[in-house]
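What follows is the residue order along each chain.
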Amino acid sequence: DERATRDTFRWDVAKSRRRRHHTRQEYFSSRLSSLRFFSNYSMMPKQKLRRIPLLTEVNIFFINLAFAALHVILKPTGLEPLVSALVVGNLFGLILPCFGIIALLVHFIVGPLMNTLLFPQAYETMFLEYKYFWIGGLLIVNIVVALLDNSHLIVEGADYRLHASKGPIVNASNQFWEATFDYLQMTVVPWKQDAILPVDRPYIFACHPHGIHCTPLALFHCKGTPFDKLFPGICENKLSGLAASVVFRLPGVREFFLSLPYIDASRHVVEAALEADRSIFVCTGSGEESLLTKQGEDTLVLSKRKGFIRLALSYGCDIVPIFGVGNSDLFKTYSWGMNVSCDCAGG
C-alpha cells in the first residue's frame, strides 16, 4: 500500500509538471502568435514570394497603411466604395494618400519623438528647415530604385502579396481594396451555364477592350472576386498578370503592381512564366487599344496582336477570351486628345 501510494504521488507530480510545462508552452505560443499577428506575420508557413527591394516593401506597407486608414475613416460614412474606385481606378492617385499618411506620421509621431529623445526643437531644426532636401532625396532614391530594380522580371513567387500575411492593417487594406467591387460592380457571365475551368490546366485569359483602365483584370488579382467565386481554385494559384514595362518604373505605381501578381509583358518573361506552368491574364490590345477608347464604342486591336495565340499553341494553354462589357464607358474621353495620342503612337 505504501508503494502504491508513493507511485501514485510520483505519477501525480509528473502529471502536474507536464501540465505546467504545456501551460507555459501554450502561454508563450499564444504571446508569440499575438506578436506575429500585429506585425503582419503568420504562424503558418509563409507562401514564397518574389524578392523585392526593402524600400519597395516599405512603400507597400505605407500604401497598405493609407488604405487601412481610409477604410476606418470612410466605412461608417458609406463613401468607401466611391473613394476606393477613385483611388484604385486612378493609379497615379495612389501616391497622394500614401504621402498623406507618411506626412501625418512624421508630423504627429516622429516629430514629438525627436524632440523628446534628442533635444527640444530637434524636429523643427533637423527636418522642417530642410524638408525640401529630405523630400527631394527620398524622391531621388525611389526613382533610382525604380529604374534599377528588376523584380518585375521574376516569375517565381509573382503572386498576390497581401493574402500571404495577416494583421489588422493588411485586413483593413484588403477591405478598402475590395470595396471597389461594390462601386464598379462586375458580373461574370460564363459562355454556358454549367461552364467549368479545371484548375490543373494552364490558361491565357485574354481581356478586351482595354479602356482607359483594363478593369476586368481586377477579377483575377486575388481570391474573393466575382470570377473566383464562379471558378474557384484559379486565382492565387500560379496566376500572373502582364503589364507594360513602364508601369514598373513609376514610383508609387510600381508598388501597386508588385503587390499584385503582375510581371513584365516582355516575351521572354511570359515564356518563362508559361514554362513554369503558370497561367496568365492580359489585356491583349495593350496601350494602343487604350488610346482608341471612346464612350459608347468598343474598339479592339487584334489583327496585330497574335502573339498570345502563338504562345498558347507553343505551350499547350487554353485561351479564355474575356470581354468587358461597358469598360469603355467608365471614363469620359475627349476625341481631340485621343486622336493626338493615336497619331503620335502610330508615327
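Remember, predicted model here, so these are calculated numbers, not experimental data.

## A closer look at a nonpolar patch on the surface
Together, Leu-104, Phe-108, Ile-109, Val-110, Leu-113, Leu-117, Leu-118, Phe-119 and Met-126 line one region of the surface with nonpolar side chains, adding up to about 880 Å² of accessible area. For the nonpolar patch, the element with the most residues is helix H4 (residues 95-117), which contributes six residues. Note that Leu-118 resides in the loop between H4 and helix H5 (122-126).

## So, the layout of surface pockets
If you roll a probe as big as a water molecule over the atoms, it shows you where there is empty space left. In this structure, the largest pocket occupies an estimated 1,300 Å³ of space. Together, 50 residues line the largest pocket, and His-210, Cys-214, Leu-217, Phe-257 and Cys-283 are the ones closest to its centre. Counting residues per element, the ones that place at least two in the lining of the largest pocket are helix H3 (80-89), helix H8 (180-183), strand E2 (239-243), helix H10 (253-259), helix H11 (267-275), strand E4 (279-283), helix H12 (286-290) and helix H13 (307-315). Considering each element in turn, the lining of the largest pocket owes the most residues, five residues, to H3.

## So, the side chain of Ser-151
You can see Ser-151 is positioned in the loop between helix H6 (131-148) and helix H7 (168-178). A polar side-chain atom of Ser-151 sits 3.4 Å from the main-chain carbonyl oxygen of Arg-51. Of note is the side chain of Ser-151, whose polar atom sits 2.7 Å from the side chain of Asp-149. Residues contacting Ser-151, with those up to four places away along its chain left out, are Arg-50, Arg-51, Ile-52, Pro-53 and Leu-258.

## A short note on the packing of helix H2 (residues 54-74) against H7
A pair of packed helices is characterised by two quantities: the angle between their axes and the separation of those axes. Contact geometry for H2 and H7: axes closest at 7 Å, N-to-C directions at 70 degrees. Judged on the interaxial angle alone, H7 and H2 are roughly perpendicular. As H2 runs across H7, the sense of the crossing is left-handed. In contact with Phe-61, Asn-64, Leu-65, Phe-67, Ala-68, Leu-70, His-71 and Leu-74 of H2, H7 contributes Ile-169, Ala-172, Ser-173, Gln-175 and Phe-176. Classifying every residue of the contact of H2 with H7 by side-chain character gives nine nonpolar, four polar and no charged.

Criteria and cut-off values
Residues numbered from 1 in each chain as written. Predicted model: local features only at pLDDT ≥ 70, side-chain atom pairs only at ≥ 80, totals over all residues. Heavy atoms only, no water. Patch = residues over 30% accessible without salt bridge, like charges linked within 9 Å, V, L, I, M, F, W, Y side chains within 5 Å. Areas by Shrake-Rupley, 256 points an atom, 1.4 Å probe, with all protein chains shown as cover. Salt bridge = Lys/Arg side-chain N within 4 Å of Asp/Glu carboxyl O. Helix = DSSP H or I, 4+ residues; strand = E, 2+ residues; numbered from the N terminus. 1 Å grid on protein atoms, 1.4 Å probe; cavity = no way out; pocket = protein on both sides within 12 Å on 5 of 7 lines; lining within 4 Å. Points joined across faces, edges and corners; volume = space filled by probe spheres on them. Polar contact = N/O pair within 3.5 Å; in protein donor to acceptor, adjacent residues only side chain to side chain. Contact = heavy atoms within 4.5 Å. Axes fitted to C-alpha atoms, helices over the stretch in contact; angles between N-to-C directions. Parallel < 35°, antiparallel > 145°, perpendicular 65-115°, else oblique. Left-handed = near helix turned anticlockwise from the far one by under 90°. Nonpolar A, V, L, I, M, F, W, Y, C, P; charged D, E, K, R; others polar.

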